[in-house]
Number of protein chains: 2
Amino acid sequence: MKIASRNGSRRRSAPDGAEPGRSDTYDFLLTVTAKLLTEKDSVDFSLSEIALRSGMSAALVQYHFGSKDGLLMALLERGTAKAADQLVALEKMPVSVSERLRIHVKGLVSAYMHAPYINRLLHHIMSSGDEARAIRTSELFITPIANFYARLIDQGVEEGVFRPIAPMHLYFMLVGACDQLVARRSALQHAFGVRELTEEMGQNFCDTLYHIISTGLAAEK
Amino acid sequence: MKIASRNGSRRRSAPDGAEPGRSDTYDFLLTVTAKLLTEKDSVDFSLSEIALRSGMSAALVQYHFGSKDGLLMALLERGTAKAADQLVALEKMPVSVSERLRIHVKGLVSAYMHAPYINRLLHHIMSSGDEARAIRTSELFITPIANFYARLIDQGVEEGVFRPIAPMHLYFMLVGACDQLVARRSALQHAFGVRELTEEMGQNFCDTLYHIISTGLAAEK
């Protein structure tokens, strides 16, 4: 029951002893929720809306997640678990520190493009007043990136490739840029004449972001 | 009645023919709202909360702003009017394009430090379903910055100082970074051991951000 204990929801054990946290239904409900969040660009929805969209009963949704906050936390955990695994894999790759940064920027832009609700979700959970959940969210989402940046900068400085900057500053710049890319899609149309955020636009932004950050990070020669 | 017509609230004319939009009470109520938003890090409040905090009657608050959305729009308008004036003044300053960027970055970081609720406010207004208000918000907040960036990059490219990048990309990076700096203050403590965002931290971040962006923007030599 790894996921159940991790998200801390009030879920009961499955009557048949199976692991509901890993069931297809559980995953399907998270996918339905992710789609709804992307469409609405807001966390204003009810469990009954998820039930309606998924064709499942509200009782089943509640059985799996306990509450709406339990559902949101489970969605965040699913996303961050995948992202954290990718960071670990990236650190093991036998590539230069610059190439590691490039791959990370690409992955980060892509993650935000495919889950534009991340920021909304983080804010909702972290300002819900549930301190334990806020700390857990920080540990799940922010700390792995923060540690990755700290090691990346250390290595780059050691190799004479990067100049030293605070990992927190790199976090603000990279996560902030990706977040802004997807945060106010409706505003893009008015201010920049962009009707829809396409994969190509994401790729172009990724190239600019990597160029600016890597050039700005470069050690003076 | 300039402000009244701009924010589109359902405010009635003051009985004595004065301009309530420019009264001390009006400004005071906006200041109380800004403080509440900063403390709560959320737009979840009621007009009665503003009345209670300000010591004014709920009827008076409603008289001035019509509704909570009217109050939030008025707050955004006050902030953006000031920011837009500063951008206009900055464009007239006889400084180099790099120095203009530096002054802007400093102003942007400072604006977010002093009104950390900006992003929350923008999101609330732009996702409220009121299309006219969303367009107005975009025109007030995003378009002036977008146009400023377009001219800044054009001038820098013309002078051989900057390489050409999309103004929208500069917007994502600069506004995104400032927004992230103030967006999840509670998370900073867990992930970076930062208890409070001080002016000095803002200044340090400002220096890093300017260095990274200006170096990254620099034309290849």
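Residues numbered from 1 in each chain as written. Chains lettered and ligands numbered in written order. Predicted model: local features only at pLDDT ≥ 70, side-chain atom pairs only at ≥ 80, totals over all residues. Heavy atoms only, no water.

Asker: Teacher, can you tell me more about the overall build of chain A here?
Answerer: Secondary structure assignment for chain A yields 11 helices and 0 strands. Secondary structure elements of chain A, listed N to C terminal, follow the sequence α-α-α-α-α-α-α-α-α-α-α. Seen through its C-alpha atoms, chain A measures out along the principal axes to roughly 65 × 40 × 30 Å. Relative to its 221 residues, chain A shows a buried fraction of 51%. The contacts in chain A between residues at least 6 apart in sequence include a share of 69% that link residues at least 24 apart. Element-wise, carbon and sulfur atoms account for 53% of the exposed surface of chain A, whose accessible area totals about 10000 Å². Computed over 25 positive and 25 negative side-chain charges, the inter-centroid distance for chain A is 3 Å. (Helix = DSSP H or I, 4+ residues; strand = E, 2+ residues; numbered from the N terminus. Buried < 20%, exposed > 50% of the residue type's maximum accessible area, 1.4 Å probe, protein only. Contact = heavy atoms within 4.5 Å. Areas by Shrake-Rupley, 256 points an atom, 1.4 Å probe, with all protein chains shown as cover. Lys, Arg positive; Asp, Glu negative; His and termini not counted. Charge placed at Lys NZ, Arg CZ, Asp CG, Glu CD.)

Asker: So what exactly am I meant to see when it comes to helix 9 (residues 167-183) of chain A here?
Answerer: Along an α-helix, residues three or four positions apart point the same way, because every turn accommodates 3.6 residues. Here helix 9 of chain A contains 17 residues, and its C-alpha end-to-end distance of 23 Å stays within 8% of the 24 Å for a straight helix at 1.5 Å per residue. Across the 17 residues that make up helix 9 of chain A, a large majority, 16, are buried. (Expected span 1.5 Å × (residues − 1).)

Asker: Teacher, can you tell me more about the packing of helix 5 (residues 68-92) of chain A against helix 6 (residues 97-114) of chain A here?
Answerer: Each pair of packed helices can be summarised by the angle the axes make with each other and by the distance between the axes. Residues and elements named next belong to chain A. Look at helix 5 against helix 6: their axes get within 10 Å of each other, and the N-to-C directions meet at 160°. As the angle between them shows, helix 5 and helix 6 are arranged roughly antiparallel. Relative to helix 6, helix 5 is oriented so that their crossing is right-handed. Residues Leu87, Leu90 and Glu91 of helix 5 lie in contact with helix 6, whose contacting residues are Arg100, Ile103 and His104. Looking at the contact of helix 5 with helix 6 residue by residue, the classes come out as 3 nonpolar, 1 polar and 2 charged. (Axes fitted to C-alpha atoms, helices over the stretch in contact; angles between N-to-C directions. Parallel < 35°, antiparallel > 145°, perpendicular 65-115°, else oblique. Left-handed = near helix turned anticlockwise from the far one by under 90°. Nonpolar A, V, L, I, M, F, W, Y, C, P; charged D, E, K, R; others polar.)

Asker: Honestly, the interface of chain B and chain A in this entry has me stumped. Any pointers?
Answerer: The parts lose accessible area when they come together, and the size of an interface is often stated as this lost area. Counting from both sides, the interface comprises 47 residues of chain B and, opposite them, 47 residues of chain A. Together chain B and chain A conceal approximately 4200 Å² of surface at their shared face, both sides included; 70% is due to carbon and sulfur atoms. Inspection of the region where chain B meets chain A yields 0 salt bridges. On inspection of chain B and its partner chain A, the count reaches 6 residue pairs in polar contact (both at pLDDT 80 or more). Element by element, the count of residues in the side of chain B that touches chain A is highest for helix 9 (residues 167-183) of chain B, at 12 residues. (Buried area = accessible area lost by both parts, 1.4 Å probe. Salt bridge = Lys/Arg side-chain N within 4 Å of Asp/Glu carboxyl O. Polar contact = N/O pair within 3.5 Å; in protein donor to acceptor, adjacent residues only side chain to side chain.)

Asker: I'm lost on the relation of the copies chain B and chain A in this one. Help?
Answerer: The operation relating the two chain copies consists of a rotation about an axis and a shift along that axis. For the pair chain B and chain A, the relating rotation is 180°, the translation along its axis is 0.0 Å, and the fit reaches an RMSD of 0.0 Å. With respect to symmetry, the two chain copies, as superposed, fit the operation of a two-fold axis. No C-alpha of chain B approaches the rotation axis more nearly than that of Gly176(B), which lies at 2.1 Å. When the interface residues of chain B are mapped onto chain A, 100% of them again lie at the interface, so the same face is used by both copies. (Least-squares fit on C-alpha atoms with pLDDT ≥ 70 in both.)

Asker: What exactly am I supposed to notice about the confidence of the model for chain A here?
Answerer: If pLDDT is low for a region, its predicted coordinates should not be looked at in detail. Residue and element names in this part refer to chain A. Looking at chain A, the pLDDT average stands at 86 and 90% of residues meet or exceed 70. The secondary structure element of chain A with the lowest average pLDDT is helix 1 (residues 2-7), at 38, and the one with the highest is helix 11 (residues 199-217), at 96. This stretch, residues 1-21, has a pLDDT under 50; its non-local contacts, to residues over four places away or in other chains, come to 44 contacts. As a predicted assembly, this complex carries a pTM of 0.86 together with an ipTM value of 0.85. (pLDDT = per-residue confidence, 0-100.)

Asker: Sorry if this is basic, but what is going on with the state of the cysteines here?
Answerer: One way to say it: the disulfide is the covalent bond shared by the sulfur atoms of two cysteines. Residues and elements named next belong to chain A. Throughout the structure, instances matching the rule amount to 0 disulfides over all chains. In this structure Cys178 is a free cysteine whose sulfur lies 7.8 Å from that of Cys206, the closest cysteine sulfur available. Accessibility expressed as a relative area gives 0% for Cys178, which makes it buried. (Disulfide = S-S within 2.5 Å.)

Asker: Would you take a moment to explain the packing of aromatic side chains for this structure?
Answerer: Pairs of aromatic rings are described using the distance from one ring centre to the other and the angle between the two planes. Per the counting criterion, the structure on display carries 10 aromatic pairs over all chains. Each ring, one from Phe148(B) and one from Tyr149(B), has its centre 6.0 Å from the other, and the planes form 55°; the classification is tilted. Comparing Phe148(B) with Tyr149(B), the two get one shared label, buried. Each member of the aromatic cluster is reached from another via a ring pair, and the members are Tyr171(A), Phe172(A), Phe192(B) and Phe205(B). We note Lys68(A) situated over the ring of Phe45(A); from NZ or CZ to the ring centre the distance is 4.8 Å. (Phe/Tyr/Trp six-rings, centres within 6.5 Å; stacked < 30°, edge-to-face > 60°. Lys NZ or Arg CZ within 6 Å of the ring centre and 35° of its normal.)

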